[in-house]
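Residues per chain are reported as follows:
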Amino acid sequence: MIITVDGPAASGKGTLAKRLAKHYGLPHLDTGLLYRGVGYLMLQGNHALDDAAAAARIARALDLSKFDHETLRTDAVGEAASLVAAIPGVRAALLKLQQDFARQPGGAVLDGRDTGTVIAPDADVKLFVTASPEERARRRHIELAARKTPAEYCEVIADIKKRDERDSGRSIAPLKPASDAVLLDTTQLDIEAAFRAAVAIVEAPRAGRTRP
Ligand code: CDP
């Protein structure tokens, strides 16, 4: 079974994808880490973030196993990731790896922005996870403080809105629900409730019911 979980920043898609993978015994790929890896190496190498040739070269040679994933989770790296993710050569370089991951025997869970639209359009279940920008900023604000990289709430929400706009407005693989994705709004849901709702969505077709 292939499950894709797409959605905007801090919507809860990563946590849900991880929980679903554990629940169904499937491997999980956080595709955002790939773009974060490219963004991080661009910053480290002092490359301009619109240097398409350098970004594509870095993407082609990317080896995520060499990273401490925590260093990729900062806001600066997220911003760099969002910029390099709009470069077609970067997306092309990361495509096969993601498709191969999705198509492994037994299936997989992938989360990101385009996993249901571009990477695995044939996925068995597609979730599109959203929450209001204010709620997402509240969550990211808490997460950043817990990581000892606190930021002002007003900066966090401005960053989230800017990233939403860039990710949704880009011409290549924009953030948007696949036509057959099920929307899950987690604004009013805690992690447990969101997980239960996600499992219900995965189980619905198996139970022969209409998806909620
Ligand atoms: O955790 P958060 O949602 O903040 O970010 P992420 O999922 O790690 O993704 C970081 C950036 O990578 C996003 O803002 C997107 O621009 C880009 N991305 C993408 O273009 N396609 C994906 N499948 C995953 C991430």
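As the structure is a prediction and not an experimental result, all values here were calculated from the model.

Asker: Report on helix H4 (residues 75–84), specifying residues and quantitative values.
Answerer: Within H4, 7 of the 10 residues are buried, which leaves it mostly tucked inside the rest of the structure. Those residues of H4 that fall on the buried side of the exposure criterion are Val 77, Gly 78, Glu 79, Ala 80, Ala 81, Ser 82 and Val 84. Looking at the buried residues of H4, the elements they touch are helix H2 (32–44), helix H3 (52–60), helix H5 (88–102) and helix H8 (153–169).

Asker: Tell me what's going on with the nonpolar core, and back it up with residues and numbers.
Answerer: Core analysis: the largest hydrophobic core is formed by 20 residues, its most contacted members being Ile 3, Val 5, Leu 16, Leu 20, Tyr 24, Val 109 and Leu 127. Secondary structure elements with two or more residues in this core: strand E1 (2–6), helix H1 (13–24), strand E4 (125–130), strand E5 (182–185) and helix H9 (191–206). By residue number, the principal contributor to this core is H9, which donates 6 residues. The residues contacting Tyr 24, other than those within four sequence positions of it, are Met 1, Ile 3, Val 199, Val 202, Glu 203 and Arg 206. Formed by 19 residues, the second largest nonpolar core is a distinct cluster that contains Leu 34, Ile 58, Leu 64 and Ala 81.

Asker: Give a description of the layout of surface pockets that names residues and reports values.
Answerer: It is the rolling of a water-molecule-sized probe over the atoms that shows where space remains empty. In this model, the largest pocket occupies a volume close to 940 Å³. Ala 10, Lys 13, Gly 14, Arg 140 and Glu 143 are the residues nearest the centre of the largest pocket, which is lined by 43 residues in total. Elements with a contribution of two residues or more to the lining of the largest pocket: H1, H2, H4, strand E3 (108–112), helix H7 (133–146), H8 and H9. Per-element tally for the lining of the largest pocket: the top contributor is H7, with 7 residues. Counted by class, the lining of the largest pocket contains 12 nonpolar, 10 polar and 21 charged residues.

Asker: Break down the packing of H1 against H9 for me, with residues and values.
Answerer: Two elements in contact, H1 and H9, have axes separated by 10 Å at closest approach and are oriented at 55°. In terms of orientation, H1 and H9 fall into the oblique class. The crossing of H1 and H9 is right-handed. Between H1, through Thr 15, Leu 16, Arg 19, Leu 20, His 23 and Tyr 24, and H9, the contact on the second element is made entirely by Ile 191, Glu 192, Ala 194, Phe 195, Ala 198, Val 199, Val 202, Glu 203 and Arg 206. Across the contact of H1 with H9, the residue classes tally to 9 nonpolar, 2 polar and 4 charged.

Asker: So, the pairing of E3: which residues are in play, and what are the values?
Answerer: Most of E3 is tucked away: 5 of the 5 residues are buried. Side chains Ala 108, Leu 110 and Gly 112 of E3 all project onto a buried face; the interleaved residues Val 109 and Asp 111 project onto the opposite face, where all are buried too. Relative to E3, strand E2 (residues 28–30) runs parallel, the two sharing 3 bridges. For Leu 29, the partnering residue across the bridge sits in E3 and is Leu 110.

Asker: Can you tell me about the site of the ligand, naming the residues and giving the values?
Answerer: Neighbouring the ligand are 18 residues, the closest being Lys 13, Arg 36, Arg 91, Arg 163 and Asp 167. The side chain of Arg 170 places a nitrogen or oxygen atom 2.8 Å from an oxygen atom of the ligand. Considering each element in turn, the shell around the ligand owes the most residues, 3 residues, to H2. Tallied by class, the residues present in the shell around the ligand amount to 5 nonpolar, 4 polar and 9 charged.

Asker: Residues and numbers for the packing of aromatic side chains, please.
Answerer: Under the criterion given, the structure shown has 1 aromatic pair. Summarising the aromatic geometry, the rings of Tyr 40 and Phe 67 are spaced 5.7 Å apart at their centres and angled 80° between planes, so their arrangement reads as edge-to-face. Pair noted here: Tyr 40 is in helix H2 and Phe 67 is in the loop between H3 and H4, with a separation of 27 residues, a long-range link. Residue Tyr 40 is classed as partly exposed on the basis of its relative accessible area, which comes to 21%. Of the residues examined, Phe 67 reaches a relative accessible area of 14% and is grouped as buried. In this structure, Arg 19 packs its charged tip against the face of Phe 195, placed 4.1 Å from the ring centre.

Asker: Give a description of the pattern of salt bridges that names residues and reports values.
Answerer: A side chain of one charge can pair with a side chain of the opposite charge when the charged atoms of the two come close. Under the definition given, this model contains 16 salt bridges. Taking the shortest distance from any N to any O, the salt bridge between Arg 166 and Glu 79 comes out at 2.9 Å. One end of the pair, Arg 166, is in helix H8; the other, Glu 79, is in helix H4, with 87 residues separating them in the sequence. Here Glu 79 falls in the buried class, since its relative accessible area comes to 17%. Through salt bridges with shared partners, a single network forms among Glu 70, Arg 140, Glu 143 and Arg 147.

Each value, and the rule that gives it
Residues numbered from 1 in each chain as written. Predicted model: local features only at pLDDT ≥ 70, side-chain atom pairs only at ≥ 80, totals over all residues. Heavy atoms only, no water. Buried < 20%, exposed > 50% of the residue type's maximum accessible area, 1.4 Å probe, protein only. Helix = DSSP H or I, 4+ residues; strand = E, 2+ residues; numbered from the N terminus. Contact = heavy atoms within 4.5 Å. Core = buried A, V, L, I, M, F, W, Y, C linked by side-chain atoms within 4.5 Å. 1 Å grid on protein atoms, 1.4 Å probe; cavity = no way out; pocket = protein on both sides within 12 Å on 5 of 7 lines; lining within 4 Å. Points joined across faces, edges and corners; volume = space filled by probe spheres on them. Nonpolar A, V, L, I, M, F, W, Y, C, P; charged D, E, K, R; others polar. Axes fitted to C-alpha atoms, helices over the stretch in contact; angles between N-to-C directions. Parallel < 35°, antiparallel > 145°, perpendicular 65-115°, else oblique. Left-handed = near helix turned anticlockwise from the far one by under 90°. Pairing = 2+ DSSP bridges. Near = heavy atom within 4 Å. Polar contact = N/O pair within 3.5 Å; in protein donor to acceptor, adjacent residues only side chain to side chain. Phe/Tyr/Trp six-rings, centres within 6.5 Å; stacked < 30°, edge-to-face > 60°. Lys NZ or Arg CZ within 6 Å of the ring centre and 35° of its normal. Salt bridge = Lys/Arg side-chain N within 4 Å of Asp/Glu carboxyl O.

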